[in-house]
Structure formats: C-alpha cells, structure tokens
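# Reading the structure
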Amino acid sequence: MRIQIASAILAAAMPATAQYPPWYQNTPSTPTQNPALPAPAIPATTQAPAVQVPSTIPAQIAKTTAQVATASPDMDRLLAFHESDVKFGVEQLMDILRDKRHEGWVLTAYPDPKTAQPLIGAGFSLDLPAREHPQRDPLNSSAFLEPSSADLWQAAGLPPERLQIVLGEFHGRLDTLSKYGFRSQMKAMEPQITPADANALLRIGIIQAAINAKAYCRYFDGLTAAQQMGLTQLVYQMGVNLEEFGTFLGLINRQSMDELGNAVTVRPSANYWHDVQKSLVESQWARLYRERATAVIAMFDPHYATSPAGAERRVSAVLRPVRRHGRGASGGTLRQAGLKRGHPATAHKKAARKRQD
C-alpha cells in the first residue's frame, strides 16, 4: 500500500476553509442518514492483468489462522469480512490497483519513490508496525484497524519466515544500489513472490482499507458502489495520512457550518457532491498524482456508474497540474519566452564577439 505518502505533501493537501471545519471536531445535531440506494454495477475502466485471483476472501485468509498462536481482535475483524459488506466488487478494485495508473504490479520488493520503504505487489507495504488509530468521531461506531504488515502478511496466507527473507534481500539490494539505482533495475530482478501471493496481499490490503473507510465515513453504507470504491482507494493509498484531508472528511460526513458557526448536517445533492470532489481537486495530492487522482475523484460523482469516462473528463477539465518552481516545467516555459525576447546579457556578449571579429 502506498501508505507512506510524504507527510509534507499531505500537510498542505487540504486548504483550510471557514465553511468546513475538521470532521472530528464537529458534533452536528441528529444527523439524518439517507437510505442506501441500490447502485448499478460499476463499469470497468482499466485493463486487468491476466492473473489468478482467489475466489473468496475468508478461505484465503483462513489458510494460516491456525498458525497464529493467539488470535487478535484485528485478525478476527479481517476474518469476519465478507464481500457483501461493500457494494463494489473487490476483484474489480484489485484490477484497478494493479494497473500502472494506480499502484502497478511488481513481484519483487521495491522502494517507495518518496520514502524508500519496501513495497511489493500492488504497493503493499512490508514493514509497517501496528499502530493506534483512535476513532475521533463520536457519531461513528466503527473502529479503525491498523495491524502490522507482518500480521497482514500472515492473514493473507503467506509464511512469516518468507517475509523476513524478502525484507533481507530488499535491504541488501538497497544498500548496494541506492533508491534510484534499485528502481532502474527492478524489471531485471527475480520475483520474490508469486502472482497468487501478490493477489492475496492486495486482497487483504483492500479488506483493511474498506474497514477503515467505514471508520472514516459514518454514512459509508449509504454511498454508491463507486463512492465506496473511491473512498477505499484513498485509504489504501494514504492510510492514516488521510486524516490530513480535514475538509474532505468533514464533507463525506455531511457536515457544514451555518451562519452562526454551528455544525449542521448537509443533505446530499448535486452541489454537495461537487463540493466533495472540489475538496480533493484542490489538494496537492491531486496535482502531484494527476492521472490517478482523476480516476479516484471521478468515482464520487453520483452519476459515475452511467458514464465513468464522462465523470473522469469533468474532473480532468478542472484539475490543474502541480506548480513547479526553479527548473520545473514552468521554468522551462519562462526560459523559452525569455529567449524569444532576447536577454540583454546575451545581446552584449554577441556584440562583444562581433567587435573582436
């Protein structure tokens, strides 16, 4: 999982606004939960790699349940998950995350481009510790689930000693090659896990992300299939760093402020979902990962199921690329404009050469 997105980026991801306070600070008056509307199936938008996917979640997880000396509450919650707990297809989300527009598909441990921490498969993190993640929303009874990478590895049915071998080989290569040299040679490296192993890790990562998506959004069950998938993708990619997206989290929990500054419940409407999307469009994350963000943000469109391509076009039309300074793209454009106008120093040098000649 690309959980380790740089904190510096995420800290500036959501611009502060007076209209929407941080979601966990609000206590709106008796929120009205809209009944869950049946959602049509989400049309596939990415080409799925030809890989084998386990048919059921519980059977895949239960392979190593007996090997765990004492079952933890976290493992019990993972085992209790059923695909009917979400409206979207878990296998369809697996297809999307395996696509190179999103996480990609690498069968050897490789360094995260930002943090250099080890990832494998479709961005599954290999060395995260278990952590506390308190539920700050008093109106959401769902608890967060943050087991260690080692626990998720075992829950996916992979032997723990294999994880230690994979990590040992990864750190040996990283010490020799550095982060950039490592990534340039990844395609030539021998696979450390099989496609079936990588699918098992991806599936268990999606289960954890779906459980936490429900803990982030008190109205998760009322979202459409596409909206549930979009939120689950955000959790899969960002993990606990999604806490930084205060405006977005406040909106999906249907909170706003009245003229007196009191928290009130927002009723979903076309404008409401537009504001949800806008809160993500204006983030630094969306500008840095433009292609991926376009696909995810489009899923919050209530009409996504009828036209995924149209929803993506609408997001792409308003999503600006990241602003670069110094030697970035904008610098190149300015340099080209400067050359067309002619720089004074350049003109003096040309004149001096002519005088010498």
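Residues numbered from 1 in each chain as written. Predicted model: local features only at pLDDT ≥ 70, side-chain atom pairs only at ≥ 80, totals over all residues. Heavy atoms only, no water.

## Observations regarding helix H6 (residues 160–184)
Note that an α-helix has 3.6 residues per turn; residues three or four places apart therefore point the same way. With 25 residues, H6 ought to run about 36 Å at 1.5 Å a step, yet its terminal C-alpha atoms sit only 28 Å apart, falling short of that. Helix geometry: H6 is bent most strongly at Ser178, by close to 105 degrees. Taken together, the buried positions of H6 are Leu163, Val166, Leu167, Phe170, Leu174, Lys179, Gly181 and Phe182. Where H6 is buried, its residues contact strand S1 (106–111), strand S2 (118–121) and helix H5 (149–155). (Helix = DSSP H or I, 4+ residues; strand = E, 2+ residues; numbered from the N terminus. Expected span 1.5 Å × (residues − 1). Bend = angle between axes of the 7 residues up to and from the residue. Buried < 20%, exposed > 50% of the residue type's maximum accessible area, 1.4 Å probe, protein only. Contact = heavy atoms within 4.5 Å.)

## A word on the pairing of S1
Of all six residues that make up S1, five are buried, and the element is covered over most of its length. Taken together, the three bridges between S1 and S2 define a ladder with antiparallel strand orientation. Following the sheet pairing, Pro111 is matched in S2 by Pro118. The turn joining S1 and S2, which pair antiparallel and follow one another in sequence, is formed by six residues; a positive phi near 70 degrees is taken by Ala116. (Pairing = 2+ DSSP bridges.)

## Overview of the environment of Thr247
In this structure, Thr247 sits in helix H9 (residues 246–252). Sequence separation between Thr247 and Leu280 is 33 residues, and the spatial gap between their C-alpha atoms is 8.7 Å.

## A word on the nonpolar core
Counting residues in each nonpolar core, the largest one holds 83 residues, and the members touching the most others are Leu231, Phe248 and Trp285. Examining the composition of this core, we find that 13 residues originate from one element, helix H7 (residues 195–216), more than from any other. (Core = buried A, V, L, I, M, F, W, Y, C linked by side-chain atoms within 4.5 Å.)

## Section: the sheet that holds strand S3 (residues 124–125)
Taken in spatial order, the three strands make up an open sheet running S1-S2-S3, and their pairing is antiparallel. Across the chains shown, the open sheet's two edge strands, defined by having one partner strand only, are S1 and S3. One ladder, built from two bridges, connects S2 with S3; its direction is antiparallel. Bridge pairing in S3 places Ile120 opposite Phe124.

## Thoughts on the confidence of the model for the protein chain
Looking at the protein chain, the pLDDT average stands at 75 and 66% of residues meet or exceed 70. Across residues 43–70, where pLDDT falls below 50, the model places 55 contacts with residues more than four positions away in sequence or in other chains. The low-confidence segment residues 327–352, where pLDDT is below 50, has six contacts with residues more than four positions distant or belonging to other chains. (pLDDT = per-residue confidence, 0-100.)

## Focus on the packing of aromatic side chains
The full count for this structure, using the stated rule, is four aromatic pairs. Ring centres 4.7 Å apart and planes at 70 degrees place the aromatic pair Phe144 and Tyr216 in the edge-to-face group. With a gap of 72 residues between them, Phe144 in the loop between S3 and H5 and Tyr216 in helix H7 connect regions that are remote in the sequence. In this structure, Phe144 and Tyr216 share a single accessibility class: buried. Here the aromatic rings of Tyr272 and Trp273 are separated by 4.8 Å at their centres, their planes lie at 70 degrees, and the arrangement is edge-to-face. Relative accessible area serves as the criterion here: at 4%, Tyr272 is assigned to the buried category. Positioned over the ring face of Trp105 is Arg98, at 5.5 Å from the centre of the ring. Over the ring of Tyr219 we find Arg254, and its NZ or CZ is 4.2 Å from the ring centre. (Phe/Tyr/Trp six-rings, centres within 6.5 Å; stacked < 30°, edge-to-face > 60°. Lys NZ or Arg CZ within 6 Å of the ring centre and 35° of its normal.)

## A look at the environment of Asp85
Assignment of secondary structure puts Asp85 in the loop between helix H3 (73–80) and helix H4 (90–98). According to the relative accessible area criterion, Asp85 is partly exposed, its value standing at 39%.

## Thoughts on the pattern of salt bridges
Scanning the entire structure with this criterion turns up nine salt bridges. The shortest N-O distance in the salt bridge between Arg203 and Glu91 comes to 3.6 Å. Highlighted residues: Arg203 in helix H7 and Glu91 in helix H4, separated in sequence by 112 residues. The exposure class assigned to Arg203 is buried, which follows from its relative accessible area of 2%. Between Asp95 and Arg98 there is a salt bridge, with the nearest N and O atoms lying 2.4 Å from each other. Of the two residues, Asp95 and Arg98 both sit in helix H4, three residues apart, roughly one turn of that helix. Judged by its relative accessible area of 21%, Asp95 is partly exposed. What emerges from the salt-bridge pattern is a single network uniting Glu83, Glu91 and Arg203. (Salt bridge = Lys/Arg side-chain N within 4 Å of Asp/Glu carboxyl O.)

## Focus: the side chain of Gln277
If you trace the backbone, Gln277 turns up in helix H10 (residues 270–281). For Gln277, a relative accessible area of 13% corresponds to the buried category. At a separation of 2.9 Å, a polar atom in the side chain of Gln277 contacts the main-chain carbonyl oxygen of Ile297. The residues contacting Gln277, other than those within four sequence positions of it, are Ile297, Ala298, Phe300, Asp301 and Val315. (Polar contact = N/O pair within 3.5 Å; in protein donor to acceptor, adjacent residues only side chain to side chain.)

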